[in-house]
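Residue strings, one per chain:
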Amino acid sequence: MFSNFRLWWQKPQLHQPGDDNGKVTFLELFYDLIFVVVISRLAHRLAAHPSPQAFLDFVLLFIPVWWVWLSIAYYNERFETYDLSFRAFTFLQMLPVAGMAVTAEYGLSKTATGFALSYAAARVLITFMWWRAGRHNPQVRPVTDVYVRGFALSIVLWVVAAFLVGPLAYALKAAGLLIELLTPILTLQAQREVFRARVRKLPERFGLFVIIVLGETLVGVLNGLADLDGLNLAVVWRFILGFTLGFGLWWVWFDYLGRREPDSLDRWGFLRWTYGHLPLVIGITVIGAMVEHGVALEEDLNLAAVRWLMAGGFALFYLACAVIETGLEPEKPPMIPPRLLIALRLGTAAVALLLPLLALPLTGLMAVLIGLHLLHAGLGVRAWFASSNAGRVDVH
């Protein structure tokens, strides 16, 4: 009986080099669906109130959502088991995330207590999972012990902040997030010693999360179209522009980043790859929220704020691409010199940030941003075809 119980309820065991079960499970896909709801509600709030303050609130709420997702994805990468315990912990993790989804839209105002406590509950569970992994795998305790201490301190700050209001509550939450983001950095040397296996399916998990966020651009386009009373050529044109802008985000991300693997044995490079996805998905979500206005063009719209948020999200996307590129395994030979790519992305971000100063109409702004997309997409396609032709053997 106890032998069968151990099979049904396994101890977490560190995956070793050579473990090849790198497929994302249906349970992980189901788990990711709850984040579709959270992100959608955050994007809806930003779309309804485009302003600098709304953007800052959005970021402060988005980071804990992303951090919860990342923590589970990274834990599963190292200690996933195929038993009832994995399903039970996934189910338990989904409950506080559901609480975050319910309270996300007003997570810094009337439902701030609920959001903070839901986040703290999610962090308690993942911290317990890291502690449990260290208990059953003593060799990883140089990492897990630091995680437990750092995460526990952040949890205390968020619980205290849940019952406060005003600047002090903001400060405690921001401090908690900063502690959480910095904690893994303190263990980079230890990770190099204890996590010797390359990542198995984490790149695919990241790719799926990016796809989830890209879905918000489609939601924004379709919501903008649905808000209109009728169709005409101008509406169709704005719809095509918004749809193309979102599709361009996918194209550039997949051509340059999504199809390549991170260098998981270079800890600093892997850190840049991991953390670089945070501004990337924030930028995509902001663009998706603003595209809705680009299609609907409401009369009472704060055009200046929408321009800055749309262009700023676009710039953030390309800045993140430049960071993530430095954490990828180098191509041999590279299709495009890395220095050229980084310079091009930084230049694209700078141009995007200058565009709001021109006070272009939203359709004009979207058209120019699409033109910048085409520069990157065209360069990638040209390099791809050139490398394909170079590898061909003439048999005639």
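The structure under discussion appears in the preceding block.
Rules behind the numbers
- Residues numbered from 1 in each chain as written.
- Predicted model: local features only at pLDDT ≥ 70, side-chain atom pairs only at ≥ 80, totals over all residues.
- Heavy atoms only, no water.
- Helix = DSSP H or I, 4+ residues; strand = E, 2+ residues; numbered from the N terminus.
- Rg over C-alpha atoms; globule rule 2.2 N^0.38 Å.
- Contact = heavy atoms within 4.5 Å.
- Areas by Shrake-Rupley, 256 points an atom, 1.4 Å probe, with all protein chains shown as cover.
- Salt bridge = Lys/Arg side-chain N within 4 Å of Asp/Glu carboxyl O.
- Buried < 20%, exposed > 50% of the residue type's maximum accessible area, 1.4 Å probe, protein only.
- Expected span 1.5 Å × (residues − 1).
- Phe/Tyr/Trp six-rings, centres within 6.5 Å; stacked < 30°, edge-to-face > 60°.
- Lys NZ or Arg CZ within 6 Å of the ring centre and 35° of its normal.
- Axes fitted to C-alpha atoms, helices over the stretch in contact; angles between N-to-C directions.
- Parallel < 35°, antiparallel > 145°, perpendicular 65-115°, else oblique.
- Left-handed = near helix turned anticlockwise from the far one by under 90°.
- Nonpolar A, V, L, I, M, F, W, Y, C, P; charged D, E, K, R; others polar.
- Core = buried A, V, L, I, M, F, W, Y, C linked by side-chain atoms within 4.5 Å.
- Arc of directions from axis to C-beta.

Counting its secondary structure elements, the protein chain contains 14 helices and zero strands. Relative to the compact-globule value of 21 Å for 396 residues, the protein chain shows a C-alpha radius of gyration of 22 Å, a close match. When the backbone C-alpha atoms are referred to their principal axes, the protein chain occupies close to 70 × 70 × 35 Å. Within the protein chain, residue pairs in contact and separated by at least 24 positions form 86% of the contacts whose partners lie at least 6 positions apart. Summed over all atoms, the accessible surface of the protein chain reaches about 18300 Å², with 69% contributed by carbon and sulfur.

Let us now look at the pattern of salt bridges. Evaluated as defined, the whole model comprises eight salt bridges. Among the salt bridges present, the one from Lys 201 reaches Glu 80, with a minimum N-O distance of 2.6 Å. Placement of the pair is Lys 201 in the loop between α8 (188-194) and α9 (202-226) and Glu 80 in the loop between α3 (52-79) and α4 (84-103), with a sequence separation of 121 residues. We note a salt bridge from Arg 260 to Glu 325, for which the minimum N-O separation is 3.0 Å. Residue Arg 260 is found in the loop between α10 (233-258) and α11 (267-296), and its partner Glu 325 is found in helix α12 (residues 303-325); the two are separated by 65 residues along the sequence. Classification of Glu 325 by relative accessible area gives buried; the value is 8%. In this structure, a network of salt bridges that share partners links the residues Glu 28, Asp 32, Glu 80, Lys 201 and Arg 205.

On to unusual backbone geometry, then. Although it is not a glycine, Ala 359 sits at a positive phi angle of roughly 55 degrees. Note that Ala 359 resides in the loop between α13 (338-354) and α14 (362-390).

Glancing now at α10. The terminal C-alpha atoms of α10 lie 35 Å apart, and with 26 residues this matches the ideal 38 Å at 1.5 Å per residue to within 8%. When α10 is considered as a whole, its buried residues turn out to be Val 235, Arg 238, Leu 241, Gly 242, Leu 245, Gly 246, Gly 248, Leu 249, Val 252, Trp 253, Tyr 256 and Leu 257.

All right, on to the packing of aromatic side chains then. For the structure on display, the rule yields 28 aromatic pairs. Just above the ring of Tyr 106 sits the side chain of Lys 110; from NZ or CZ to the centre is 4.4 Å.

As a packed pair, helix α2 (residues 26-48) and α11 sit with axes 9 Å apart at the nearest point and diverge in direction by 50 degrees. Between α2 and α11, the angle falls in the class oblique. Pair α2 / α11 crosses with right-handed handedness. Residues Ile 39, Ala 43, Leu 46 and Ala 47 of α2 form the contact with α11, whose participating residues are Thr 285, Val 286, Ala 289, Met 290, Glu 292 and His 293. Of the residues contributing to the contact of α2 with α11, the split by class is seven nonpolar, two polar and one charged.

This paragraph deals with the nonpolar core. Grouped together as the largest cluster of nonpolar side chains are 109 residues, with contacts concentrated most on Phe 35, Phe 62, Trp 66, Leu 245, Leu 280, Phe 317 and Leu 369. Here this core gets 18 residues from one element, more than from any other, and that element is α3. Excluding its chain neighbours within four sequence positions, the residues that come into contact with Trp 66 are Leu 181, Phe 209, Thr 274, Tyr 275, Leu 278 and Val 281.

Where α11 meets α12, the axes come as close as 8 Å, and the angle between the chain directions of the two elements is 155 degrees. It follows from the interaxial angle that α11 and α12 lie roughly antiparallel. Seen from above, α11 lies across α12 with left-handed handedness. Of the residues belonging to the contact of α11 with α12, the class tally is 19 nonpolar, five polar and one charged.

Moving on, we come to the side chain of Thr 127. Mapped onto the fold, Thr 127 is located in helix α5 (residues 112-136). Aside from chain neighbours lying at most four places away, what touches Thr 127 is Val 148, Phe 151 and Ile 155.

Each full turn of the α-helix corresponds to 3.6 residues, which orients residues three or four apart in the same direction. Between its first and last C-alpha, helix α6 (residues 141-161) extends 30 Å over 21 residues, near the 30 Å set by a 1.5 Å rise per residue. Looking only at α6, the buried set comprises Val 143, Thr 144, Val 146, Tyr 147, Gly 150, Phe 151, Ser 154, Ile 155, Leu 157, Trp 158 and Ala 161. Along α6, the residues classed as buried sweep out an arc of 165 degrees about the axis, all on the same side.

This part is about the environment of Asn 137. For Asn 137, the position within the fold is in the loop between α5 and α6. Overall, the relative accessible area of 2% leaves Asn 137 in the buried class. Spatially, the C-alpha atoms of Asn 137 and Tyr 82 are 17 Å apart, while their sequence positions differ by 55 residues. Those residues in contact with Asn 137 that lie beyond four places of it in its chain are Pro 12, Gln 13, Leu 14 and Phe 79.

With that out of the way, let us pick up the environment of Leu 61. Considering the arrangement of structural elements, one finds Leu 61 in helix α3. Residue Leu 61 is classed as buried on the basis of its relative accessible area, which comes to 6%. Spatially, the C-alpha atom of Leu 61 lies 9.9 Å from that of Val 38, the residues being 23 residues apart in sequence. The residues contacting Leu 61, other than those within four sequence positions of it, are Leu 42, Ala 104, Gly 107, Leu 108 and Phe 115.

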